[in-house]
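This is what each chain is made of:
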Amino acid sequence: MVLSLEGRTYVVMGVANKRSIAWGIARSLHAAGARLVFTYAGERFEKEVRALVDTLEDERSLLLPCDVTSDDDIVRCFAQIKEQVGVIHGLAHCIAYANKDDLSGEYMNVSRDGFLLAHNISAYSLTAVAREAKELMTEGGSIVTLTYLGGERVVQNYNIMGVAKAALDASVKYLANDLGKYGIRVNAISAGPIRTLSAKGVSDFNSILKQIEERAPLRRTTTQEEVGDAALFLFSDLSRGITGEIIHVDSGYHILGY
Ligand code: NAD
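These numbers come from a predicted model, not from an experiment.

1. Describing the overall build of the chain
Secondary structure assignment for the chain yields seven helices and seven strands. In sequence order, the chain lays out its α and β elements as β-α-β-α-β-α-β-α-β-α-β-α-α-β. The globule rule puts the C-alpha radius of gyration for 258 residues at 18 Å, and the 17 Å found for the chain is close to it. Among the 258 residues that make up the chain, the fraction classed as buried is 54%. When contacts within the chain are restricted to residue pairs at least 6 apart in sequence, long-range pairs at least 24 apart make up 77% of them. Here the chain has roughly 12,500 Å² of accessible surface; of this, 50% comes from carbon and sulfur atoms. Taking the 27 positively charged and 32 negatively charged side chains of the chain as two groups, their mean positions are separated by 3 Å.

See the structure below:
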């Protein structure tokens, strides 16, 4: 079934390349007729993201830089979106980062700087962008972020990112409570492991994928398209009664207790 998001505008944050989960979400939203605003981390990503966005052949698309470690950048970016687009109806937050050294071995060795960096980019950024996006969601809206099972349970090598995801998951609930009165819903998709640029940073990622194939109820790994379509549902009115929720799109892996 194809949902229609004609006449609506969504901000997609976190496309780095064609493997990015954000790109899967963008494709699902585009197929449903939505207008898209893309934000990327900085100059070094611009060329690749622009080339991808061009493949959509949608002249309504907008592309803006936004480094989420900078409050000025965030404020400037949303001011530009307001100026060029006006109202937005949703935002996909698909952003995370941690030092590679902190994604292997024992969690307890994480440095203070590594801890703060991961939380700054991967958790605080959702709150910072939600605050700005709220001002543009005058007709109500839907915010969707991406999380992972490693925030609920110990996943080997996920370490600091798991702790940051736990903060992100809690942020979803607090933001959902704050923003509900404005007609804005906030939810997370807990995606199964997908081979992306960020995933490459997690030590021994291949064996995590293999485990999913062998043991997840659906006996296969998660695709970008599956996450994109779940996001489409969360951005559409079909999910209008859902907020503060974490939906697992992971072939059912999270239900296993063994
Ligand atoms: P990705 O590397 O394609 O996307 C991560 C994005 O974060 C990149 O676009 C990067 O530019 C952006 N980013 C990093 N620092 C930034 C900053 N300072 N300012 C702005 N943007 C910044 O990888 P992905 O796997 O598509 O990751 C997207 C989200 O999905 C992340 O939150 C990740 O934790 C989550 N996730 C990924 C998986 C997986 O297995 N790939 C599973 C569950 C959840």
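2. With respect to the packing of helix α3 (residues 71-84) against helix α4 (residues 112-136)
The N-to-C vectors of α3 and α4 enclose an angle of 30°; their axes lie 10 Å apart at closest approach. Looking at the two axes, α3 sits roughly parallel to α4. The two elements α3 and α4 cross, and the hand of that crossing is right-handed. In this structure, α3 uses D71, I74, V75, F78, I81 and K82 to contact α4, whose residues at the interface are Y124, A128, V129, E132, A133 and L136. Class assignment of the residues belonging to the contact of α3 with α4 gives a composition of nine nonpolar, no polar and three charged.

3. Topic: the UniProt feature "active site" (unreviewed entry) in the chain
Here the UniProt-annotated "active site" (unreviewed entry) positions come out as Y148 and Y158. Within the fold, Y148 resides in the loop between β5 (141-147) and α5 (159-179). Its place among the elements puts Y158 in the loop between β5 and α5. Exposure remark for Y158: the relative accessible area of 10% places this residue in the buried category. In this structure, Y158 is in contact with L103, Y148, G150, K165 and V202, ignoring residues within four places of it in sequence.

4. Focus on the pattern of salt bridges
Oppositely charged side chains may form a pair once their charged atoms are brought near each other. Tallying each qualifying case throughout the model produces eight salt bridges. Between R27 and E225 there is a salt bridge whose closest N-O contact spans 2.8 Å. Placement of R27 in helix α1 (residues 21-31) and of E225 in helix α7 (residues 224-235) is noted, with a sequence separation of 198 residues between them.

5. Overview of the environment of E214
Structurally, E214 can be placed in helix α6 (residues 205-215). With a relative accessible area of 48%, E214 lands in the partly exposed category.

Criteria and cut-off values
Residues numbered from 1 in each chain as written. Predicted model: local features only at pLDDT ≥ 70, side-chain atom pairs only at ≥ 80, totals over all residues. Heavy atoms only, no water. Helix = DSSP H or I, 4+ residues; strand = E, 2+ residues; numbered from the N terminus. Rg over C-alpha atoms; globule rule 2.2 N^0.38 Å. Buried < 20%, exposed > 50% of the residue type's maximum accessible area, 1.4 Å probe, protein only. Contact = heavy atoms within 4.5 Å. Areas by Shrake-Rupley, 256 points an atom, 1.4 Å probe, with all protein chains shown as cover. Lys, Arg positive; Asp, Glu negative; His and termini not counted. Charge placed at Lys NZ, Arg CZ, Asp CG, Glu CD. Axes fitted to C-alpha atoms, helices over the stretch in contact; angles between N-to-C directions. Parallel < 35°, antiparallel > 145°, perpendicular 65-115°, else oblique. Left-handed = near helix turned anticlockwise from the far one by under 90°. Nonpolar A, V, L, I, M, F, W, Y, C, P; charged D, E, K, R; others polar. UniProt positions renumbered as here; feature names shortened; annotations may be inferred. Salt bridge = Lys/Arg side-chain N within 4 Å of Asp/Glu carboxyl O.

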